[in-house]
Amino acid sequence: MTPVRLRAALSAALLALTLGACSSSPSGSPASTGSSGPTPSGARITIKDFRFQPAELTVHPGQSITVVNEDSTAHTVTADDKSFDTKAVGGGGTASFTAPGKAGTYPYICTIHQYMHAALTVS
Ligand SMILES: [Cu+2]
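In what follows, the accompanying structure is described. (Residues numbered from 1 in each chain as written. Predicted model: local features only at pLDDT ≥ 70, side-chain atom pairs only at ≥ 80, totals over all residues. Heavy atoms only, no water.)

Read from one edge of the open sheet, four strands run S3-S8-S7-S5, paired in mixed fashion. The open sheet has two free edges, formed respectively by strand S3 (56-59) and strand S5 (78-79), since each of these has just one partner strand. Direction of pairing for S3 relative to strand S8 (residues 117-122): parallel, over a ladder of four bridges. By the bridge assignment, Val59 is partnered in S8 with Val122. (Pairing = 2+ DSSP bridges. Helix = DSSP H or I, 4+ residues; strand = E, 2+ residues; numbered from the N terminus.)

What follows covers the packing of aromatic side chains. Working definition: an aromatic ring pair is given by the centre-to-centre distance plus the angle between the planes. For the structure on display, the rule yields four aromatic pairs. Centroid distance Phe84 to Tyr108: 6.0 Å. Interplanar angle 65°. Geometry classified as edge-to-face. Within this pair, whereas Phe84 is found in the loop between S5 and strand S6 (94-98), its partner Tyr108 is found in strand S7 (residues 104-109), the two being separated by 24 residues in sequence. Each member of the pair Phe84 and Tyr108 is classed as buried. The structure contains a cluster of three or more aromatic residues connected by ring pairs, namely Phe52, Phe84, Phe97, Tyr106 and Tyr108. (Phe/Tyr/Trp six-rings, centres within 6.5 Å; stacked < 30°, edge-to-face > 60°. Buried < 20%, exposed > 50% of the residue type's maximum accessible area, 1.4 Å probe, protein only.)

Purely geometric numbers; function is a separate question.
Next comes the structure, spelled out in structure tokens:
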């Protein structure tokens, strides 16, 4: 091997090393940080014993929310500002509504039992 060829071979080897190091560097999966944000899907409000559960629910704008009435009497999920209203959901019944498109906290009540209240947060 002539010195020139040797140098060429060496630099080729170096190049390969460098490329190898590069391509195998930080291409790992972007560590999915178990975001403790709002549940993206399957949002649900359960009504039981004249109470909304959870009392505070956070959803995305426009998200669909299922309301499950586990009581034997009818209830409603009605925003104070009327931005959503399931109307009466019969005992054992299910309804759904769409969260407002605007971020904010929306207190709501059951219009039949107005001491029942809770809040929906859109963010
Ligand atoms: Cu009620």
